[in-house]
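# Chain and residue survey
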Amino acid sequence: MPDLIKNILPAVMGKLSSGNPEWQNSLTRAWEAVVENKAKRHTAIAGLRKGRLLINVDSPVWVFQLSFKKAELLKRLQRDFPELSGLSFRIGNIH
């Protein structure tokens, strides 16, 4: 089994790190269009996991604020990205 993981890991890591730059840019633009200007300065897209968009937020206060708008933000993002199944906010680097 370790041989299998050793063979698969480079391909998986490559997909995660490189992704599709055009799609990532489109998703970033869409996020910036749906989130309020004030909140935009406190967030950054961190990735995508099992259809959930991962958003890094710079403070617990903003995680709390954004959690109230999660359903609305997701609905607006799904207009352009129907494959999104959810949003996850977490404390993390935004730069």
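Since we're looking at a predicted model, the values are computed, not measured.

It is worth spelling out the confidence of the model for the protein at this point. Per-residue pLDDT for the protein averages 84, and the proportion of residues at 70 or more is 80%. Taken together, the stretch residues 11–18 has pLDDT below 50 and engages in two contacts with residues farther than four places along the chain or on a different chain.

Next up on the list: the environment of Asp80. Within the fold, Asp80 resides in the loop between helix H5 (70–78) and strand E3 (86–91). On a C-alpha basis, the gap between Asp80 and Ser26 in space is 9.1 Å, while along the polypeptide they are 54 residues apart.

What follows covers the pattern of salt bridges. All told, the structure shown has two salt bridges when counted by the stated rule. Taking the shortest distance from any N to any O, the salt bridge between Lys69 and Glu36 comes out at 2.4 Å. Here Glu36 lies in the loop between helix H2 (21–34) and helix H3 (37–40) and Lys69 lies in the loop between helix H4 (60–68) and H5, a separation of 33 residues in the sequence. For Glu36, a relative accessible area of 45% puts it in the partly exposed group. Here Arg76 and Glu72 are joined by a salt bridge, their closest N and O atoms 3.9 Å apart. One end of the pair is Arg76 and the other is Glu72, both in helix H5 and four residues apart, which spans about a single turn. By relative accessible area, Arg76 is classed as partly exposed at 29%.

This part takes up the sheet that holds strand E1 (residues 43–49). Strand order in the open sheet made by the three strands is E1-E2-E3, with mixed pairing throughout. Of all strands in the sheet, those with a lone pairing partner are E1 and E3, marking the two edges. Recorded for the sheet is a direction-independent mean angle of 30° between the axes of neighbouring strands. Two strands pair when backbone bridges link them, and E1 and strand E2 (residues 52–57) are joined in this way by six bridges, in the antiparallel orientation. Counterpart to Gly47 in the pairing with E2 is Leu54. Lying over the sheet, H2 contacts E1, E2 and E3, oriented at roughly 130° with respect to E1. Contacting E2 and E3, H5 runs over the sheet at an angle of about 125° to E3.

What counts as what
Residues numbered from 1 in each chain as written. Predicted model: local features only at pLDDT ≥ 70, side-chain atom pairs only at ≥ 80, totals over all residues. Heavy atoms only, no water. pLDDT = per-residue confidence, 0-100. Contact = heavy atoms within 4.5 Å. Helix = DSSP H or I, 4+ residues; strand = E, 2+ residues; numbered from the N terminus. Salt bridge = Lys/Arg side-chain N within 4 Å of Asp/Glu carboxyl O. Buried < 20%, exposed > 50% of the residue type's maximum accessible area, 1.4 Å probe, protein only. Pairing = 2+ DSSP bridges. Axes fitted to C-alpha atoms, helices over the stretch in contact; angles between N-to-C directions.

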